[in-house]
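This is what each chain is made of:
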Number of protein chains: 2
Amino acid sequence: MEPNRRRILDLLRVRDRTVGEIAEHFSLSQPAISKHLRVLREAGLVEVHKHAQQHRYHLRAEPLAEVDHWLEPYRQFWSEKLDALEQYLDEEE
Amino acid sequence: MEPNRRRILDLLRVRDRTVGEIAEHFSLSQPAISKHLRVLREAGLVEVHKHAQQHRYHLRAEPLAEVDHWLEPYRQFWSEKLDALEQYLDEEE
DNA sequence: ATTTTATTTTACCGTTTGGTTATATAACTT
DNA sequence: AAGTTATATAACCAAACGGTAAAATAAAAT
């Protein structure tokens with residue numbers, strides 16, 4: 001995923017935020033942030049609640065579960081390496 | 001990640017494969033596969049071992065651990081939902 | 001030596017991406 | 001009503017992307 005978008009999600013993980021609050025954390029223009037938020041919205045990763053002019057964005061992490069599931073069978077690959085290391089260290093002593 | 005690339009990794013998870021073997025599973029041209037393999041190679045996700053003309057590709061899943069770690073703090077978001085569902089179901093009986 | 005097989009690289013092309021500035025929209029403030 | 005504030009959309013652009021077909025490379029087979 002695009003790194004700026006990942007950072008936006010990281011911010012929303014802490015708490016809901018308005019567009020302006022998000023934009024403060026970047027050196028991008030506000031419209032650039034709005035564009036990223038649109039992409040995230042269309043991916044179902046955030047939702048908006050409008051209070052007057054302020055649009056407050058909220059994290060909806062569920063779609064990430066898909067990535068998590070894809071990753072699932074790969075996890076053994078790096079845990080195998082760790083196991084091998086552990087075993088090696090055990091044999092060392 | 002690009003879906004074809006994800007599929008290539010899925011194939012390599014099962015066993016090492018040559019370029020031709022991989023290409024069989026796609027309706028893309030063989031050079032297209034080579035290009036994807038190059039991207040994966042540069043990302044450290046695969047490595048090649050050359051036996052004569054055959055280039056055999058091998059999965060190196062470690063860089064995926066980075067994604068896995070990024071995902072880590074998000075997991076609670078969907079497990080929270082599951083917990084809420086469980087609780088609801090418990091109260092039902 | 002020539003041809004065949006396996007793969008990569010190059011040159012090209014249309015589409016998508018991530019950014020910008022300028023403009024539009026909408027609600028609050030004065 | 002006029003101005004300000006918050007956000008979104010439009011128009012534009014260069015770079016990256018994902019594909020192709022054609023050419024280059026390299027080893028094996030004949």
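Quick look at the structure, then. Here the structure is a predicted model, which means the values were calculated and not measured. (Residues numbered from 1 in each chain as written. Chains lettered and ligands numbered in written order. Predicted model: local features only at pLDDT ≥ 70, side-chain atom pairs only at ≥ 80, totals over all residues. Heavy atoms only, no water.)

### With respect to the pairing of strand S2 (residues 46-51) of chain A
Along a regular strand, successive side chains alternate from one face of the sheet to the other. All names here are of chain A. To keep it simple, the criterion reads: Any two strands are treated as partners once DSSP identifies two or more bridges connecting them. Here a helix means four or more residues in a row that DSSP labels H or I, a strand means two or more in a row labelled E, and each is numbered from the N terminus.
As defined by bridge partners, S2 adjoins strand S3 (residues 54-59) across six bridges and the pair is classed as antiparallel. Across the sheet, residue lysine 50 finds its bridge partner in S3, namely histidine 55. Between S2 and the antiparallel strand that follows it, S3, lie two residues; alanine 52 among them carries a positive phi value of about 55°.

### Side note on the protein's contact with DNA strand D
The test is simple: In these notes, residues near a molecule or strand are those with any non-hydrogen atom within 4 Å of it. Here a polar contact is taken to be a pair of N or O atoms separated by no more than 3.5 Å, where protein atoms must pair a possible hydrogen donor with a possible acceptor and residues adjacent in sequence count only if both atoms sit in side chains.
Taken together, 22 residues lie near DNA strand D, and Ser34(A), Tyr57(A), Ser29(B), Lys35(B) and His36(B) sit nearest. Within 4 Å of the protein, the contacting atoms of DNA strand D are 65% sugar and phosphate, with bases supplying the remainder. In this structure, a phosphate oxygen belonging to DNA strand D sits 2.8 Å away from a main-chain N or O atom of Gly20(A). Residue His36(B) places a side-chain N or O atom 2.4 Å away from a phosphate oxygen belonging to DNA strand D.

### Section: the protein's contact with DNA strand C
Under the convention used in this document: Residues are grouped as follows: Ala, Val, Leu, Ile, Met, Phe, Trp, Tyr, Cys and Pro are nonpolar; Asp, Glu, Lys and Arg are charged; every other residue, Gly included, is polar.
Taken together, 23 residues are adjacent to DNA strand C, and Ser29(A), Lys35(A), His36(A), Gln30(B) and Ser34(B) come closest. Sugar and phosphate atoms represent 65% of those atoms of DNA strand C found within 4 Å of the protein. Within the contact set of DNA strand C, a phosphate oxygen lies 2.8 Å away from a backbone nitrogen or oxygen of Gly20(B). A distance of 3.4 Å separates a base oxygen of DNA strand C from a polar side-chain atom of Gln53(B). Tallying contributions element by element places helix H3 (residues 30-42) of chain B first for the surface near DNA strand C, with five residues. Tallied by class, the residues present in the surface near DNA strand C amount to seven nonpolar, 11 polar and five charged.

### Considering the environment of Arg60(A)
Residues and elements named next belong to chain A. The line we're drawing: Only protein chains enter the area calculation, which uses a 1.4 Å probe; residues under 20% of their type maximum are buried, those over 50% are exposed, and those in between are partly exposed.
Residue position: arginine 60 is located in the loop between S3 and helix H4 (64-92). Residue classification places arginine 60 among the partly exposed residues on the basis of a relative accessible area of 24%. C-alpha separation for the pair arginine 60 and arginine 13, spaced 47 residues apart in sequence, amounts to 9.2 Å. Looking at arginine 60, its side chain comes within polar contact range of the side chain of glutamate 47, at 3.2 Å.

### Quick word on H3(B)
All names here are of chain B. In plain terms, the rule: For a helix, the expected span equals 1.5 Å multiplied by the residue count minus one. The arc in question is the one spanned by the directions pointing from the helix axis to the C-beta atoms. Here, residues are in contact when the closest pair of their heavy atoms is within 4.5 Å.
In this model H3 runs 18 Å from its N-terminal to its C-terminal C-alpha over 13 residues, within 8% of the 18 Å that 1.5 Å per residue would give. Regarding H3, the residues found buried are Ile33, His36, Leu37 and Leu40. All buried residues of H3 project into a common sector of 100° when viewed along the axis, lining one side. Relative to its buried face, H3 has exposed residues pointing more than 90 degrees away, namely Lys35 and Glu42. The inward-facing, buried residues of H3 abut helix H1 (3-14), helix H2 (19-24), strand S2 (46-51) and strand S3 (54-59). Remark: glycine 44 follows H3 within two positions and exhibits a positive phi of approximately 75°.

Remember that the coordinates give geometry; whether it matters functionally is a separate question.
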